[in-house]
Amino acid sequence: MENNPEINNLHLPDEIEVELEQAESRFKSMWYVLKANKAAMVGLVIITLLLFIAFFGKLLMPYNPYVGDLSKSLQAPSAAHLLGMDEQGRDILSRIIDGTKVSLRVGIIAVAFALSIGTFFGSIAAYYSGKVDMIIMRFMDILLAIPSLLLAIAFMTALGRGIDKAIIAIGFVTIPEYARIVRASILSVKESEFVQAAKVIGNRDSVIIFKHILPNVLSPIIVRATLGISSAILDTAALGFLGLGVQPPYAEWGSMLGSGRGYFFNAPYIVLFPGIAITITVLAFNLLGDGLRDALDPKLRK
Amino acid sequence: MLKYIVKRLLLLIPVLIGVSIVVFIVMHVFTSDPATLVLGQHAKANEISALRQQLGLNDPIYVQYWNFFKHAIHGDLGQSLFTKTSVTKELLTRFPATIELAFAAIILASIFGIGIGILSAVKKNTIFDYAGMVTALIGVSMPIFWLGLVLIVIFSLGLHWLPVAGRISIGMEPTHITGFYFIDSLITGNFEAFQSSLSHIILPAVALGSYSSAIIARMTRSTMLDVVGQDYIRTARAKGLHEKSIIFRHSLRNATIPIVTVIGLQLGSLLGGAVLTETVFSWPGIGNYTVDAILKSDYPVVQGAVLFIATIFVLVNLFVDILYAFLDPRIKYS
């Protein structure tokens with residue numbers, strides 16, 4: 001965790017600018033280290049490509065992903081259908097392309113959801129400490145006592161199926177992770193001089209937390225969130241596979257695996273390709289997350 | 001030490017009560033009406049209200065929770081909505097299957113994980129290191145249920161080496177003593193049953209253990225690298241010790257604590273993964289039972305199973321903490 005609080009931000013008008021400059025230079029130096037990390041760059045390139053596919057998927061799809069031709073059901077990969085046809089005679093490649101936006105959307109929104117709520121509770125717990133801290137963190141301990149996928153599944157049973165619910169379920173179960181990281185990071189800088197200075201000037205608590213403390217503890221949070229996207233994508237796929245996530249006919253990689261399961265004895269490619277798509281996507285976020293961690297953690301810098 | 005263990009056990013009580021409240025609320029506040037679920041959409045209103053009465057659903061939520069809690073601490077997790085069987089009984093019958101699978105997975109994961117980790121650390125920045133770490137990275141990126149399907153395609157359908165699904169070949173079950181097939185078949189000297197269980201467990205254990213083995217490999221590598229950089233290793237080298245002795249007697253021994261901890265924590269998380277693996281391999285364990293219940297919205301079963309798994313999960317994690325304190329005398333027992 002890096003933080004080099006300068007006392008010079010006592011002057012109110014300059015202070016924010018100084019912090020912004022610091023933050024900017026921090027991100028610049030981070031970018032230099034990240035750029036030198038080949039694995040992280042591979043991850044970033046793949047993610048960019050995936051985002052491109054998610055946005056412009058419609059133009060790239062060779063066929064309509066929802067319309068099948070039953071006479072072609074379970075056809076093996078061919079020149080016309082590069083990845084073969086599924087059980088309803090739909091083009092698997094088109095469905096994988098279509099599924100890209102679902103997986104990315106759920107992954108990113110679920111993490112954003114968990115991150116914002118986790119940050120909120122984590123900051124409050126750390127900043128006010130005492131009883132507030134105890135109550136919040138004990139509640140987080142309770143959530144952590146249930147294996148996260150299992151809790152997400154329980155949520156889906158209760159909420160019903162669908163993509164929005166999957167986002168809520170996956171987001172909710174990871175709130176404690178972010179709350180813990182944010183809390184720990186804030187505790188590490190809470191007694192620093194720049195925080196004391198901000199207090200002395202008479203800033204409101206919310207200003208101190210969100211403007212002064214949080215920007216200084218962003219690094220571990222960014223790393224966790226990046227790696228969190230990969231586990232959220234895996235969880236989405238798991239819910240889809242169990243038939244709880246995105247509902248047919250919409251294409252989602254996990255549910256493609258789930259519905260293809262009954263046919264893979266005759267047509268193994270029906271489960272092969274969606275799984276490869278999941279693995280590549282998760283791998284990309286893991287590569288970037290690992291790279292960011294190395295770039296942001298001064299201890300690991302060579 | 002004993003005081004520490006007792007204290008930690010007592011601290012578990014509020015956590016488990018909290019878990020039961022969370023699970024109960026999730027299952028009761030958000031779910032659709034269980035009575036309608038059982039009787040179907042077209043049931044008559046008076047039938048539904050009679051069933052609601054019978055299930056105690058007309059009581060205020062805190063009364064419902066209290067009833068659930070009262071029974072739960074006596075080991076009674078209620079009945080399935082549809083089959084009317086006791087949830088506790090069903091869970092206990094399936095428990096050995098899940099534990100057997102989880103242990104097989106963690107044993108495989110430890111062997112591969114520690115092996116790859118040591119190799120990567122010792123041959124740092126060589127092709128072995130890169131290959132090991134790329135494999136580990138792919139390991140944490142693969143959905144385990146997909147790996148399960150791929151393993152079935154290759155080893156069961158393609159090569160015909162191993163069975164597709166199940167825990168043992170039909171009719172070969174050993175005499176029931178503990179419910180653990182490996183133990184029962186050994187006690188009764190039924191080696192055919194042992195062999196059959198072994199061939200059935202390999203693929204699901206590999207699938208379930210893949211993620212953990214990748215995590216263990218990464219942890220082992222980084223811990224070993226930390227240790228190798230220490231002064232006492234340089235001293236050992238300076239004394240002219242064999243490389244083998246340096247790796248196993250001096251480095252690995254000191255890297256044990258974090259590795260053991262990560263293995264223990266993985267054992268806990270395997271319980272979550274078991275839900276998926278058991279579904280893929282039709283493994284007759286708790287996970288499979290839970291998924292069936294989820295698909296039917298059989299909420300007492302889901303609620304009981306989640307509570308049961310969470311209890312095991314916290315107990316395993318507590319055990320790891322205690323083991324950690326035991327292995328590392330620097331940890332204070334307070």
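Since this is a predicted model, take the numbers as computed values, not measurements.

1. Observations regarding the interface of chain B and chain A
Reasoning step 1: On the chain A side, the residues contacting the 39 residues of chain B number 40 residues.
Reasoning step 2: Both sides of the chain B and chain A interface together cover about 3,500 Å² of buried area, and 82% of this is carbon and sulfur.
Reasoning step 3: Viewed at the interface, chain A and chain B are joined by one salt bridge.
Reasoning step 4: Summed over the shared surface of chain B and chain A, the result is five residue pairs in polar contact (both at pLDDT 80 or more).
Reasoning step 5: For the side of chain B that touches chain A, the elements supplying multiple residues, two or more each, are α1 (2-29), α6 (127-141), α7 (144-158), α11 (243-280), α12 (286-295) and α13 (299-327) of chain B.
Reasoning step 6: Residues of the side of chain B that touches chain A, tallied by class, amount to 32 nonpolar, six polar and one charged.

2. Quick look at the confidence of the model for chain A
Reasoning step 1: When pLDDT is averaged along chain A, the result is 82, and 89% of the positions lie at 70 or above.
Reasoning step 2: Below pLDDT 50 for its whole length, residues 1-12 of chain A participates in 24 contacts with residues either more than four positions away or in separate chains.

3. With respect to α7(B)
Reasoning step 1: Helix length check: α7(B), at 15 residues, gives a terminal C-alpha distance of 20 Å against a target of 21 Å (1.5 Å per residue), a fit within 8%.
Reasoning step 2: Most of α7(B) sits inside the fold, with eleven of its 15 residues counted as buried.
Reasoning step 3: Those residues of α7(B) that sit buried are B:Ile144, B:Phe145, B:Trp146, B:Leu147, B:Gly148, B:Leu149, B:Val150, B:Leu151, B:Ile152, B:Val153 and B:Ser156.
Reasoning step 4: Elements in contact with the buried residues of α7(B): α9 (218-241), α10 (253-260) and α11 (269-296) of chain A together with α9 (191-228) and α11 of chain B.
Reasoning step 5: Trailing α7(B) by a residue or two, B:His160 shows a phi angle of about 55°, which is positive.

4. Some words on the packing of helix α6 (residues 163-189) of chain A against α9(A)
Residues and elements named next belong to chain A.
Reasoning step 1: Look at α6 against α9: their axes get within 10 Å of each other, and the N-to-C directions meet at 160°. Between α6 and α9, the angle is such that the two are roughly antiparallel. Crossing angle aside, the handedness with which α6 passes α9 is right-handed. On α9, the residues touching Ala-166, Ile-170, Glu-177, Tyr-178, Ile-181, Val-182 and Ser-185 of α6 are Pro-220, Ile-221, Arg-224, Ala-225, Gly-228, Ala-232, Asp-235, Thr-236 and Leu-239.
Reasoning step 2: Split by residue class, the contact of α6 with α9 holds ten nonpolar, three polar and three charged.

5. A closer look at the pattern of salt bridges
Reasoning step 1: For the structure shown, the criterion picks out 13 salt bridges over all chains.
Reasoning step 2: Between A:Asp141 and A:Arg180 there is a salt bridge, with the nearest N and O atoms lying 3.1 Å from each other. A residue pair is termed long-range when its members are at least 10 positions apart, and A:Asp141 in helix α4 (residues 130-144) and A:Arg180 in helix α6 qualify at 39 residues.
Reasoning step 3: A:Arg180 gets classed as partly exposed once you look at its relative accessible area, which sits at 42%.
Reasoning step 4: For A:Asp290, the salt bridge goes to B:Arg218, with nearest N and O atoms at 2.3 Å. Separated into two different chains, A:Asp290 in helix α11 and B:Arg218 in helix α9 make up a pair that spans both.

Criteria and thresholds
Residues numbered from 1 in each chain as written. Chains lettered and ligands numbered in written order. Predicted model: local features only at pLDDT ≥ 70, side-chain atom pairs only at ≥ 80, totals over all residues. Heavy atoms only, no water. Contact = heavy atoms within 4.5 Å. Buried area = accessible area lost by both parts, 1.4 Å probe. Salt bridge = Lys/Arg side-chain N within 4 Å of Asp/Glu carboxyl O. Polar contact = N/O pair within 3.5 Å; in protein donor to acceptor, adjacent residues only side chain to side chain. Helix = DSSP H or I, 4+ residues; strand = E, 2+ residues; numbered from the N terminus. Nonpolar A, V, L, I, M, F, W, Y, C, P; charged D, E, K, R; others polar. pLDDT = per-residue confidence, 0-100. Expected span 1.5 Å × (residues − 1). Buried < 20%, exposed > 50% of the residue type's maximum accessible area, 1.4 Å probe, protein only. Axes fitted to C-alpha atoms, helices over the stretch in contact; angles between N-to-C directions. Parallel < 35°, antiparallel > 145°, perpendicular 65-115°, else oblique. Left-handed = near helix turned anticlockwise from the far one by under 90°.

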